[in-house]
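Residue-level listing of the chains:
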There are 4 protein chains.
Amino acid sequence: MLFLSDNAATVHPALWDAMRAADAPDAPYDGDAISAGLDERMSALFGRDCAVLWVATGTAANCLALATMVQPHGGVVCHREAHIEMDEGGAPGFFLHGAKLLLAEGEGAKLTPQAIRAVIDPIRDDVHQVQPHAISITQASEYGRSYRPEEVVAIAELARARGLGFHMDGARFGNAVAFLGCSAAEAAGPVDALSFGFVKNGGMSAEAIVFFDTALADVARYRRKRAGHLQSKGRYLAAQIHAMLDGDLWLANARAANAAAAEIASACGERLMYPVEANELFVRCSSTERETLRALGFGFYDWGDDAARFVTAWNTREDHARALSAAIGNL
Amino acid sequence: MLFLSDNAATVHPALWDAMRAADAPDAPYDGDAISAGLDERMSALFGRDCAVLWVATGTAANCLALATMVQPHGGVVCHREAHIEMDEGGAPGFFLHGAKLLLAEGEGAKLTPQAIRAVIDPIRDDVHQVQPHAISITQASEYGRSYRPEEVVAIAELARARGLGFHMDGARFGNAVAFLGCSAAEAAGPVDALSFGFVKNGGMSAEAIVFFDTALADVARYRRKRAGHLQSKGRYLAAQIHAMLDGDLWLANARAANAAAAEIASACGERLMYPVEANELFVRCSSTERETLRALGFGFYDWGDDAARFVTAWNTREDHARALSAAIGNL
Amino acid sequence: MLFLSDNAATVHPALWDAMRAADAPDAPYDGDAISAGLDERMSALFGRDCAVLWVATGTAANCLALATMVQPHGGVVCHREAHIEMDEGGAPGFFLHGAKLLLAEGEGAKLTPQAIRAVIDPIRDDVHQVQPHAISITQASEYGRSYRPEEVVAIAELARARGLGFHMDGARFGNAVAFLGCSAAEAAGPVDALSFGFVKNGGMSAEAIVFFDTALADVARYRRKRAGHLQSKGRYLAAQIHAMLDGDLWLANARAANAAAAEIASACGERLMYPVEANELFVRCSSTERETLRALGFGFYDWGDDAARFVTAWNTREDHARALSAAIGNL
Amino acid sequence: MLFLSDNAATVHPALWDAMRAADAPDAPYDGDAISAGLDERMSALFGRDCAVLWVATGTAANCLALATMVQPHGGVVCHREAHIEMDEGGAPGFFLHGAKLLLAEGEGAKLTPQAIRAVIDPIRDDVHQVQPHAISITQASEYGRSYRPEEVVAIAELARARGLGFHMDGARFGNAVAFLGCSAAEAAGPVDALSFGFVKNGGMSAEAIVFFDTALADVARYRRKRAGHLQSKGRYLAAQIHAMLDGDLWLANARAANAAAAEIASACGERLMYPVEANELFVRCSSTERETLRALGFGFYDWGDDAARFVTAWNTREDHARALSAAIGNL
């Protein structure tokens, strides 16, 4: 009964079918018909023109998106515990040619206009200090919290007022939309680019960079090739994304993961470090309690000395979730 | 009847099976058992210890390999028409942080010790000129020519004498081995790292960087993550490589492609710009002749004004190859 | 009566003389006799073999030194308020190709082994997090505090134990030596490279990078050229450094600056935010008090809302220092 | 009697005077009054608005200028023997973050629209090949040839038509103007940025980047700091440039150097590899002849096996030039 992460879950059957269906000769790279259809699909989903690039990883998606907004001498405001700061092996420094991450505070790894201003207002407007060029937020956040549409709008307004690009890391975007009960467009708000994640949500190897400012996509295409991320058989990635969009599979998968998380959360009460607004739970429990859970067959990560992290996925079995819920209730 | 490229051919059924077989929970990234088994497989194939990293593209494989051998202020000697120079969108400049490609001449896009010395000997040993740090050759070359084992050894000796790293771009390594009729170890010779390509040879999205100097692999692991190339579900890439190695499928596929190329070559006579030593043919023919071939249903690229390029793949049908052979004979 | 900074003070007459004396034809770049003599001079001063490169700025000195110790995928542990983090316009990101600064805490902008361990011990030893490659400290620190020789040794031991490079930003190294009353060798301790600053200490445009690990210098020479820092008339920079070393002018200048600072400090009592161990004073005073001082003709920077920063220089007049001391005493 | 290079010549007395005159307290970096006056001076010289940044080296000037025009994934068209390609230690790769130099042919190291088109027209407009972002020419060229105003205009028209930036490396710009007998504005033509060199023309350590597109200067200011090229006592650099502009000293110095070169050229006849249009001579002569000249006390560089390079400077003595002229005549 594994609750380690959603990032290694199996691939949804519909994606296998779609990839097999794509297994016919077509143009290489992103010249195939399947890749070419992505712009229209995403534009329909988001209700505004967008340009879509597939890549294989969230790290590549985030960094290629940011590279279109940030000059090498600039900076990106993000949360101190953002994935781009903590878990991407310095990829932003590579893709952005040494640009700097400017770290902001915020409960549950969420940013607010106030927190962003606390970082950028003290920066002297001179060449000795790195100037902000963009803001990046994570929807849902690294602690499984979702930005309400009005919160995204508020940050977008600050970005616009300060002339900053605005990027959303949506590695678990589906989970946020499922929790918020709003549209994808509302959950993304007026960002310039969204890393729309599918790998954690039942995909194999395809993420979408959705550029709402399509001029940025024209730059990103060159950067994607230059970073070795333009696969020659791109149709297999595009096929995964199409399959995810068909019948809103991405949303169904996310709802399933969220439901399992909610089932577990119902037993956690005061143990929860953060409200559960996606598919991750951060649960206070002692090392003895964690031993107890592991003895019962549950797999998960320690989160510091006094807590555990549980992540559900699109294919988490209901009986596993109920069992974990019960086990936590019995601690 | 498509002879455009092998880079968009369909995926071999055995690889689909292997990927489906890998579709069970396992550790993320390269922590899974399938990825972990690659070192042993490749060490067995090459008869010496090696460390293997999977990546999704040949560009990433080449550039990550070179980045372990070349400091940002150094240079890489390669052929003027090498893929890394001509067709990777400046990726070496990105991955190597501005290191320079030092371009050498050579028939059929092949380097020789003499051609390499012609480039590096005139470089003044001072800080004003970029010093060579590595040599990169392509096996088989961009014009479908294969290096004989002794030719690789001769370049390796020069590399060692000058303290240079030695990399082999093996996007079509299987085709070279199939042509040479030698072992993989002999075709690779004493290089430090080999980009062992599978995508053009029936793969979907997996290439192997084979480090014979395993200390380089320790650096490459960090660089792979930093470049966004560490996929979280890496087992699907590793599974493709295992399937390719099983029963030497890579060699069988390459032989099939080469056989189709040889069939076509048999009709070309003096039209051939280069001996056919892999699965690519560069065939002199006028625009009228190309029109004729296209009218007969053959797809291929023009190569300048007076030639055409035909590429066969693992799945090129024998009747297609025969038909093309006949059509060229009839021109 | 200016106490704004030492970084724009006038040039010491001995340096003008030395530059004029160098105004004869000689080999360009660092091929001249004056540049060639620096290694021996510095080796004599520090009592161990060293290799010296001149550059025009402290930013270049720091970053070129660090670039020899830190791979692009690595990190540099430094204080949260270190100059390389706060005031170099992102230069480390540029020179180190995206390597990351790992920020540590510490009173008075000084690091301790404990503070460094607090940063590096939690870094997971995997490719997802940026690994430390070097430590950089500032002697004297950004708050005018000097590391005692045993403090430098303790950090060096940690660096060695962890396999990290060790760099010292000595923009005000002379002031530290003057305060500590020890030798230059003791104040530098076992660092691998020292940015030995002269510009703030009466120089015009010359800083020395002193490499105690001379293999690093061989790399730095290429990087200096590549960064456009190899001046063709380098002898005028080398001449400044020689003049500074002649009769320990660097130490005399630093003592003069420190003495002026001590004079002012003597009137500050509890107002001092940090002990004065070099030529900088951070003095608590209200905005009204600062107005009073400015009305008396003193120039200085505000330091936040409740303090002022005063910096003395090699040429600070004694009567100015006494006047400021008296004025602060009268507040 | 040295004809090695102008790059290590002594400093003109007027510049010493100007630097000494600047030796008073002022604001650091480029905040001083002397630096602030440069825009106006250069705008007057060129008859159009420009923004001026000082730096210490031509390499920094060239690369900082180009970095404002070229994205990291783009390229710069330059001559195969351009200084940025041959003699800057890979600095363009560093400052431009891996952008590529696209090498064109041309007699005497001069480019023409035709030569540029021969490079850029074959570049496929796709992401696999590096696209040109700018053109850089050298005035006077690396072989001492000067572009006529109409030649610069023709290249500028091509640049505009293709949306490319246009940079001029003017390490010997004064020599070109002196030869052409036109205005500085005519010799620069409609470039976007000019590296206006002074170091080779009697300066110590100051070159000017003259931005005619002043928006580029706003970017370059950040990049200059980030590259460690913002000296804290910048007024000593600015003072050198002012002194050079006073009474057109730059032009007088260049004329003196050119006159010496012309004197020598008058004896060379068919020996000249290129017309002498600045202060460099490339003279065919055998190794025996070179020995003869050296035995007579002349210092110069060999240029390959069958030629010698002679460079005159602002302070080349007339009797030395006459002596060399005579000696060559006597060969």
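Note that residues are indexed from 1 along each chain, following the sequence as it is written. The order in which chains are written sets their letters, starting at A; the order in which ligands are written sets their numbers, starting at 1. In view of the model being predicted, local features appear only for residues whose pLDDT reaches at least 70, and side-chain atom pairs are presented and counted only at 80 or more, with totals across whole chains, interfaces and linings using the full set of residues. With hydrogens and water stripped out, all remaining heavy atoms of the structure feed into the side-chain values.

Observations concerning the overall build of chain A
(1) Moving on: Numbering of helices and strands starts at the N terminus; helices are DSSP runs of H or I of at least 4 residues and strands are runs of E of at least 2. Per the secondary structure count, chain A includes 15 helices and 10 strands.
(2) Moving on: Our radius of gyration looks at C-alpha atoms and nothing else; its globule reference is 2.2 Å times the residue count to the power 0.38. For chain A, the C-alpha radius of gyration of 20 Å lies close to 20 Å, the compact-globule estimate for 331 residues.
(3) Moving on: Projected onto its principal axes, the C-alpha coordinates of chain A cover approximately 55 × 55 × 30 Å.
(4) Moving on: We call a residue buried when its accessible area falls under 20% of the maximum for its residue type, exposed when it is over 50%, and partly exposed in between, using a 1.4 Å probe and counting protein chains only. The buried share among the 331 residues of chain A stands at 65%.
(5) Moving on: If you take every contact in chain A between residues at least 6 apart in sequence, the share linking residues at least 24 apart comes to 75%.
(6) Moving on: For chain A, the computed accessible surface area is about 10800 Å², with 50% contributed by carbon and sulfur atoms.
(7) Moving on: The centroid of the 29 positive side-chain charges in chain A is displaced by 2 Å from the centroid of its 41 negative side-chain charges. Throughout, a residue-residue contact means that at least one pair of heavy atoms, one from each residue, lies within 4.5 Å. In this description, accessible areas are obtained by the Shrake-Rupley approach with a 1.4 Å probe, and a residue is regarded as covered only by the protein chains that are shown. Charge assignment: positive for Lys and Arg, negative for Asp and Glu; neither His nor the chain ends contribute. Note that the charge is assigned to NZ on lysines, CZ on arginines, CG on aspartates and CD on glutamates.

With respect to the packing of aromatic side chains
(1) Moving on: Centre distance within 6.5 Å is the pairing criterion for rings of Phe, Tyr and Trp, where only the six-membered ring of Trp is used; planes under 30 degrees apart are then read as stacked, over 60 as edge-to-face, and the remainder as tilted. Going through the model one piece at a time under the given rule, you end up with 70 aromatic pairs over all chains.
(2) Moving on: When the ring of Phe-282 of chain A is compared with that of Trp-303 of chain A, the centres are 5.0 Å apart and the planes differ by 75°; the resulting orientation is edge-to-face. A residue pair is termed long-range when its members are at least 10 positions apart, and Phe-282 of chain A in strand 8 (residues 280–284) and Trp-303 of chain A in the loop between strand 9 (301–302) and strand 10 (307–311) qualify at 21 residues.
(3) Moving on: Their ring planes at 70° and their centres at 4.8 Å tell us that Tyr-143 of chain D and Phe-282 of chain D sit as a pair that is edge-to-face.

Let's talk about unusual backbone geometry
(1) Moving on: Following Gln-139 of chain B, the chain continues to Ala-140 of chain B via a peptide bond in cis, the omega torsion being -10°.
(2) Moving on: Relative to the helices and strands, Ala-140 of chain B resides in the loop between strand 4 (131–138) and helix 8 (149–162).
(3) Moving on: At His-97 of chain B, a residue that is not glycine, the phi angle is positive and equals roughly 55°.
(4) Moving on: Structurally, His-97 of chain B is set in the loop between helix 6 (91–95) and strand 3 (100–104).
(5) Moving on: Here the phi dihedral of Ala-109 of chain D falls at roughly 65°; this positive angle occurs in a residue that is not glycine.
(6) Moving on: Tracing the chain through its elements places Ala-109 of chain D in the loop between strand 3 (100–104) and helix 7 (113–120).

Topic: the UniProt feature "domain: Aromatic amino acid beta-eliminating lyase/threonine aldolase" (unreviewed entry) in chain A
(1) Moving on: Taken from the UniProt record, the annotation "domain: Aromatic amino acid beta-eliminating lyase/threonine aldolase" (unreviewed entry) applies to residues 3–284 of chain A.
(2) Moving on: In the segment residues 3–284 of chain A, helix accounts for 41% and strand for 16%; the C-alpha atoms at its two ends are 15 Å apart. UniProt positions are given in the numbering used here, feature names are shortened, and annotations may be inferred rather than shown by experiment.

Here's the deal with the packing of helix 1 (residues 13–21) of chain B against helix 12 (residues 235–245) of chain B
All names here are of chain B.
(1) Moving on: Following both chains from N to C, one finds helix 1 and helix 12 inclined at 135°, their axes separated by 8 Å at the closest point. The angle between helix 1 and helix 12 falls in the class oblique. You can see that helix 1 and helix 12 cross each other, and the crossing is right-handed. Contacts between helix 1 and helix 12 involve Ala-14, Leu-15, Ala-18 and Met-19 from the first element and Tyr-236, Ala-239, Gln-240, Ala-243 and Met-244 from the second.
(2) Moving on: Side-chain classes are defined by residue name, with Ala, Val, Leu, Ile, Met, Phe, Trp, Tyr, Cys and Pro counting as nonpolar, Asp, Glu, Lys and Arg as charged, and the others, Gly among them, as polar. Broken down by class, the residue content of the contact of helix 1 with helix 12 amounts to eight nonpolar, one polar and no charged. Between N-to-C directions, angles cover 0 to 180 degrees, with each direction set by a line fitted to C-alpha atoms, over the stretch in contact for helices. Each angle is binned into one of four classes, with values under 35 degrees roughly parallel, values over 145 roughly antiparallel, values of 65 to 115 roughly perpendicular, and all other values oblique. In this scheme the crossing of two helices becomes right-handed for a clockwise turn of the near helix relative to the far one and left-handed for an anticlockwise turn of less than a right angle.

Quick word on the domain arrangement of chain A
Bring the parts together and some accessible area is lost; that lost area is often taken as the interface size.
All names here are of chain A.
(1) Moving on: Reported domain spans reflect what an automatic or database domain assignment gives. Per the domain assignment, the segments making up chain A are domain 1 (13–249) and domain 2 (251–329).
(2) Moving on: Averaged C-alpha coordinates put domain 1 and domain 2 at centres separated by 27 Å.
(3) Moving on: Listed by partner, the interface residues are 22 residues for domain 1 and 18 residues for domain 2.
(4) Moving on: Take the accessible area each of two parts loses on contact, using a 1.4 Å probe, and add the two losses: that sum is the buried area. Approximately 1700 Å² of surface area, both sides summed, lies buried where domain 1 meets domain 2, with 52% of it carried by carbon and sulfur atoms.
(5) Moving on: For the domain 1 face of the interface with domain 2, the top three residues by lost area are Tyr-143, Arg-172 and Asn-175, together amounting to 31%.
(6) Moving on: Any carboxyl oxygen of Asp or Glu within 4 Å of a side-chain nitrogen of Lys or Arg constitutes a salt bridge here. The interface formed by domain 1 and domain 2 holds three salt bridges in total.
(7) Moving on: Any pair of N or O atoms that falls within 3.5 Å is considered a polar contact. Within protein, one atom must be able to donate a hydrogen and the other to accept it, and sequence-neighbouring residues count only if both atoms are side-chain atoms. For the interface between domain 1 and domain 2, the tally reads 13 residue pairs in polar contact (both at pLDDT 80 or more).
(8) Moving on: Examining the composition of the side of domain 1 that touches domain 2, we find that five residues originate from one element, helix 9 (residues 173–180), more than from any other.

A look at the relation of the copies chain B and chain A
(1) Moving on: In superposing the copies, a least-squares fit is computed on C-alpha atoms, taking residues whose pLDDT is at least 70 in both. Between chain B and chain A, which share one sequence, the superposing operator has a rotation angle of 180° and an axial displacement of 0.0 Å; the RMSD is 0.0 Å. Taken together, the rotation angle and the small translation identify this as a two-fold axis. In terms of proximity to the rotation axis, the leading residue of chain B is Ala-227 of chain B, whose C-alpha is 3.5 Å off the axis.

Digging into the sheet that holds strand 9 (residues 301–302) of chain D
All names here are of chain D.
(1) Moving on: Should DSSP find at least two bridges between two strands, the strands are regarded as paired. Ordered by their spatial adjacency, three strands build an open sheet running 8-10-9, and the pairing between neighbours is antiparallel. The open sheet terminates on both sides in strands that have one partner only, identified here as strand 8 (280–284) and strand 9.
(2) Moving on: In this structure, strand 9 lies alongside strand 10 (residues 307–311), joined through two bridges in antiparallel fashion. Residue pairing for strand 10: Tyr-301 is matched across the bridge by Arg-309.

Concerning the pattern of salt bridges
Between side chains of opposite charge, pairing is possible as soon as their charged atoms come close.
(1) Moving on: What the rule picks out here adds up to 80 salt bridges over all chains.
(2) Moving on: Salt-bridge contacts for Asp-30 of chain A lead to Arg-224 of chain A; the nearest nitrogen and oxygen are separated by 2.7 Å. Linking Asp-30 of chain A in the loop between helix 1 (13–21) and helix 2 (33–36) with Arg-224 of chain A in helix 11 (residues 214–226), this pair joins segments that are 194 residues apart in sequence.
(3) Moving on: Its relative accessible area of 2% is what places Arg-224 of chain A among the buried residues.
(4) Moving on: Among the ionic pairs, Asp-121 of chain D bridges to Arg-162 of chain D, the shortest N-O distance being 2.9 Å. Of this pair, Asp-121 of chain D sits in the loop between helix 7 and strand 4 (131–138) while Arg-162 of chain D sits in helix 8 (residues 149–162); the two residues are 41 residues apart in sequence, bridging distant segments of the chain.
(5) Moving on: Take Asp-121 of chain D: its relative accessible area is 44%, and that puts it in the partly exposed class.
(6) Moving on: Taken together, the shared-partner salt bridges connect Asp-6, Arg-172, Glu-280 and Arg-309 of chain A into one network.

Details of the pairing of strand 2 (residues 74–79) of chain C
All names here are of chain C.
(1) Moving on: Burial analysis of strand 2 places six of its six residues in the buried class, the great majority of the element.
(2) Moving on: One ladder, built from four bridges, connects strand 2 with strand 4 (residues 131–138); its direction is parallel. Across the sheet, the residue bridging to Gly-74 is Gln-131, located in strand 4.
(3) Moving on: Alignment of strand 2 against strand 3 (residues 100–104), held across five bridges, turns out to be parallel.

Focus on the environment of Glu-150 of chain A
(1) Moving on: Checked against the element boundaries, Glu-150 of chain A lands in helix 8 (residues 149–162).
(2) Moving on: It is 9.1 Å that separates the C-alpha atoms of Glu-150 of chain A and Ala-187 of chain A, two residues lying 37 residues apart in sequence.

Brief notes about the relation of the copies chain D and chain B
(1) Moving on: Once chain D has been moved 0.0 Å along the axis and rotated by 180°, it coincides with chain B to within an RMSD of 0.0 Å.
(2) Moving on: Here 100% of the interface residues in chain D have copies in chain B that are interface residues too; the copies meet face to matching face.

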